[in-house]
Number of protein chains: 2
Amino acid sequence: MIMQKLIKNLVQKNSSKIVLVVLDGLGGVPVDGKTELEAAVTPNLDSLARESACGLHIPVDMGITPGSGPGHFALFGYDPVECQIGRGILEALGLRLDVKNTDIAVRCNYATIRDGLIVDRRAGRIPTDQSRKITERLQAEIPAIDNVELIFAPGMEHRFAVLLRFPEPLDPDAAAVDDTDPQLEGKAPLSPAPRSKNAERVAGVAKKLIKTVHEVLKNEKQANYILMRGFSVKPGLPTFQEAFGLKALAIATYPMYGGLAKLVGMDTPVVSGSVADEIDFLRKNYADYDFFFLHVKKVDSYGEDGNFAEKAARISEFDELLPRILDLKPDVLIITGDHSTPALMKSHSWHPVPVLLKSPYVLGRLCSSFSERECHKGELGLFRTVKLMPLALAHAKRLKKFGA
Amino acid sequence: MIMQKLIKNLVQKNSSKIVLVVLDGLGGVPVDGKTELEAAVTPNLDSLARESACGLHIPVDMGITPGSGPGHFALFGYDPVECQIGRGILEALGLRLDVKNTDIAVRCNYATIRDGLIVDRRAGRIPTDQSRKITERLQAEIPAIDNVELIFAPGMEHRFAVLLRFPEPLDPDAAAVDDTDPQLEGKAPLSPAPRSKNAERVAGVAKKLIKTVHEVLKNEKQANYILMRGFSVKPGLPTFQEAFGLKALAIATYPMYGGLAKLVGMDTPVVSGSVADEIDFLRKNYADYDFFFLHVKKVDSYGEDGNFAEKAARISEFDELLPRILDLKPDVLIITGDHSTPALMKSHSWHPVPVLLKSPYVLGRLCSSFSERECHKGELGLFRTVKLMPLALAHAKRLKKFGA
């Protein structure tokens, strides 16, 4: 918080361009002696690493495995421990909902209930198109409860999200409401109980919503009930413009990542297609922004699947496209990940994430290629991810001197 | 504190085993170009270091030389600045006293007093067996004062410890009582003055104790008075089980180290013999615990003596025994020290302590041997010792993801 205020006071504007490329889940650990990044064919990244400032960053703290929210917040320069993001908000962002400050976001499941007991917590994982129709019916039949507007968003299979849009601003602890999923079948659903005085209004609306939904859906065989989890409000963050004086564009094909960028005030047009398409989008909009966040999802997806070869192949693929970014000659180019996803572990991990920062104002020539091991020899060392934005601003000459 | 709470919320249990070997005072500085660790013959440690995550840790902060208490607390994952341990408690632990939450622990000296002035602050360093008899006499003649039970423990020469065991819980500042040793001979002893309202009761008992002891010992030629120092209470720490979900066994032949482990709730059976005996003890109890703290004292002892060759020899000796630990195939094996004790300095020092962490989830191949200089090339970098426990938990897959 102190550092964020300090940086805000030092920010100055100029015409420089900063490009942040996030290869989601980039970091790995060795399988047969090599990490995914070491196994990938990366002549362009390697040559860039030799001339860049390199290092590894730690998203939250040593040993702590970050989710996508904390990982991206840290990259965007917000302390991920201070700025925690609720599950409901993340779900809503992933379903492209436009979350407002007066919204409570909740992730929901359809479930099957009989005689007051849950017999299937996932309503038989009903097909997505069937679930979508039910969700649309709820939207039509329950547009509001007690002056609180409801916005439903269908998800995959039995999942959906709902926003409770209140007419007035909410207290910070208004979302302190218990989950209703008992996590076990054969049990009664739990009550959405408020954990604070300020959460009573939200809990009351949730209770009425659950009851009304059950009345609407009582003749459904499977999806005749809903379970609500992760009640949360949008975190009150300073925007990228306020914090860093940057007009920022997010380029991400997966909605959740654009959603995270939107939380900090980046422009987040819908982008679809391949990584090449994302780079085209970057080139087309290059004149209009100061800062570009370009997100490459597939590296992480294959890591999560435990598919070492495909994760490495996605890195090689990016390497081939890299010259089209270099062509733009950004003042600062950063290439990194939001966390590690070693294929060996089939999950996010706590391992520090390799990073390179290209600018005319670096030492360079400390690393012979772009890899976890080589980055350990780099001039940026091992540092907390939240320090990356100040480094980007500094190299873009966007930070004044501190003190006289 | 924030991080400790965060980690507590992420802890999950599984059947993994973590072994932490502490070669007390491991780190050194070069004599004739080599540190003790570099001079030692360590083929097993070197080969392990090549496959492990290595680095150096800083027990308290840069330039701060830790005592054994802060050194071990940091290794156990407790911030040594937040969790300070009193001298009286440390002395009591070293004498194998079982300190309770309602105890005030005090380190004491026998002294010689004449006409109200101290003529010998150490009572002529009376022999230990003579001192022991006097202490036993005090225990027999002064079992309690004002409902406060007294537990005396004889030490070496003129030293002993006493516990004032109160019948009721104590305030956190109940031990804020001044030392009575004036630190100069020819002076009158000081009064055990309370520094806070809550310490008045303890000060009153101490005053009566000093007077009563003088009455009992008034005919002793040398040990006819006592000086009291380091009034302290047991720190109120979450146990290892509470903080990390680990059932932990301490294997240490020197009582103080077992005592430190006991403060955080580890099991601390009496263990005696050589390092080989300690490792046998580890092997025998391996099935029954999640976490093992194995303490090797002699490395530090020779460092304190300034005996470079013997300190190195103790490290070589451990290296020979190491395969008997590796045999167990622990999920996470950490080998390090609690602080540095360079033979050149004949004392503890502030130098960062080399560490290796063996697990399937590391990069490795960054260090060619186990030494201070090679560890500086390692993937763990230079980090605060208190981060070691989260790293151990992460590599044992005992920490859930933070945030979604």
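What comes next concerns the included structure. Quick caveat: nothing in here was measured; it's all calculated off a predicted structure.

## Focus on the overall build of chain A
Counting its secondary structure elements, chain A contains 14 helices and 13 strands. Relative to the globule expectation of 22 Å for 404 residues, the C-alpha radius of gyration of chain A, 23 Å, shows essentially globular dimensions. For the C-alpha atoms alone, the extent of chain A along its principal axes is close to 70 × 50 × 40 Å. Taken across its 404 residues, chain A has 59% of its residues classed as buried. Taking as baseline every contact in chain A between residues at least 6 positions apart, the subset at least 24 positions apart corresponds to 75%. The positive charge centre, built from 51 side chains, and the negative charge centre, built from 50, are 3 Å apart in chain A.

## Details of the sheet that holds strand S9 (residues 248-251) of chain B
Residue and element names in this part refer to chain B. Read across the open sheet, the seven strands follow the order S9-S10-S1-S11-S12-S2-S13; overall the sheet is mixed. Only two strands of the sheet have a single neighbouring strand rather than two, namely S9 and strand S13 (381-384). Between one strand and the next, the sheet's axes are offset by a mean angle of 20°, whatever the strand orientation. Relative to strand S12 (residues 353-358), strand S2 (residues 53-58) is paired through five bridges, and the arrangement is antiparallel. Looking at S12, one finds that Ala 53 is bridged to Leu 357. Against the sheet, helix H12 (residues 308-326) touches strand S1 (18-23), strand S10 (291-296), strand S11 (332-336) and S12, its axis set at about 165° to S11. The sheet contacts of helix H14 (residues 388-395) involve S1, S10, S11, S12 and S13, and relative to S11 the element is tilted by about 155°.

## Some thoughts on the sheet that holds strand S2 (residues 53-58) of chain A
Residue and element names in this part refer to chain A. Read from one edge to the other, the open sheet built from seven strands follows the order S9-S10-S1-S11-S12-S2-S13, with strand pairing classed as mixed. The two strands at the open ends of the sheet, each matched to only one other strand, are strand S9 (248-251) and strand S13 (381-384). Across this sheet, the average inter-strand angle for adjacent strands is 20°, counted without regard to direction. As judged from the three bridges shared by strand S11 (residues 332-336) and strand S12 (residues 353-358), these two strands associate in the antiparallel manner. By the bridge assignment, Ile 335 is partnered in S12 with Leu 356. Helix-sheet contacts for helix H3 (residues 43-51) involve S2, S11 and S12, and the interaxial angle to S12 is about 70°. Its contacts with the sheet place helix H14 (residues 388-395) against strand S1 (18-23), strand S10 (291-296), S11, S12 and S13, and it is angled at close to 155° to S11.

## Digging into the interface of chain B and chain A
The partner chain A presents 30 residues to the 29 residues of chain B that form the contact. Buried surface at the junction of chain B and chain A, both sides included, amounts to about 2300 Å², of which 71% is carbon and sulfur. Among the residues chain B hides against chain A, the three largest losses belong to B:Leu363, B:Phe402 and B:Ala404. Together they make up 34% of the total. Applying the counting rule to chain B against chain A returns one salt bridge. Between B:Lys387 and A:Asp61 there is a salt bridge, with the nearest N and O atoms lying 2.7 Å from each other. Counting across the interface, chain B meets chain A through eight residue pairs in polar contact (both at pLDDT 80 or more). Only helix H1 (2-10), S13 and H14 of chain B provide two or more residues apiece to the side of chain B that touches chain A.

## Comments concerning the pairing of S2(A)
If a strand is regular, its side chains alternate between the two faces of the sheet. All names here are of chain A. For S2, a buried count of six out of six residues is recorded, marking the element as mostly surrounded by other parts of the structure. Bridging between S2 and S13 involves four bridges; their strand directions are parallel. Paired with Ile 58 across the strands is Arg 384, a residue of S13.

## Focus on the side chain of A:Lys17
Residue and element names in this part refer to chain A. Looking at the element boundaries, Lys 17 is found in the loop between helix H1 (2-10) and S1. As a buried residue without a salt bridge, Lys 17 has its nearest oppositely charged side chain in Asp 290, at a separation of 5.5 Å. At 3.3 Å, the side chain of Lys 17 and the backbone oxygen of Ala 287 are in polar contact. Within the structure, the side chain of Lys 17 is placed 2.8 Å from the backbone oxygen of Tyr 289, a separation counted as a polar contact. The contacts of Lys 17, once residues within four sequence positions are left out, are Tyr 286, Ala 287, Asp 288, Tyr 289, Asp 290, Phe 292, Pro 330, Asp 331 and Val 332.

## A few points about the nonpolar core
Soluble, globular proteins show a tendency: their nonpolar side chains are buried together. Among the nonpolar cores identified, the biggest contains 66 residues, and B:Tyr78, B:Phe240, B:Met266 and B:Phe291 are the most heavily contacted of them. The element best represented in this core is H14(B), accounting for six residues. The residues contacting B:Met266, other than those within four sequence positions of it, are B:Phe76, B:Phe240, B:Ala248, B:Leu249, B:Ala250, B:Ala261, B:Phe291 and B:Phe293. In this structure, A:Phe76, A:Ala243, A:Phe291 and A:Val332 belong to the second largest nonpolar core, which totals 53 residues.

## Overview of unusual backbone geometry
Phi angles above zero are rare outside glycine, and A:Arg365 is one such case at about 55°. Its location among the elements puts A:Arg365 in the loop between S12 and helix H13 (372-375). The backbone of B:Asp32 shows a phi angle near 55°, a positive value even though the residue is not glycine. Position of B:Asp32 relative to the elements: it lies in the loop between S1 and helix H2 (36-39).

## Re helix H10 (residues 275-284) of chain A
All names here are of chain A. Within the sequence span of H10, burial applies to Val 275, Glu 278, Ile 279, Phe 281 and Leu 282. Down the axis of H10, the smallest arc covering the buried residues is 155°, so these residues share one side. Summarising the contacts, the buried residues of H10 are in contact with S9, S10 and helix H12 (308-326).

What counts, and at which threshold
Residues numbered from 1 in each chain as written. Chains lettered and ligands numbered in written order. Predicted model: local features only at pLDDT ≥ 70, side-chain atom pairs only at ≥ 80, totals over all residues. Heavy atoms only, no water. Helix = DSSP H or I, 4+ residues; strand = E, 2+ residues; numbered from the N terminus. Rg over C-alpha atoms; globule rule 2.2 N^0.38 Å. Buried < 20%, exposed > 50% of the residue type's maximum accessible area, 1.4 Å probe, protein only. Contact = heavy atoms within 4.5 Å. Lys, Arg positive; Asp, Glu negative; His and termini not counted. Charge placed at Lys NZ, Arg CZ, Asp CG, Glu CD. Pairing = 2+ DSSP bridges. Axes fitted to C-alpha atoms, helices over the stretch in contact; angles between N-to-C directions. Buried area = accessible area lost by both parts, 1.4 Å probe. Salt bridge = Lys/Arg side-chain N within 4 Å of Asp/Glu carboxyl O. Polar contact = N/O pair within 3.5 Å; in protein donor to acceptor, adjacent residues only side chain to side chain. Core = buried A, V, L, I, M, F, W, Y, C linked by side-chain atoms within 4.5 Å. Arc of directions from axis to C-beta.

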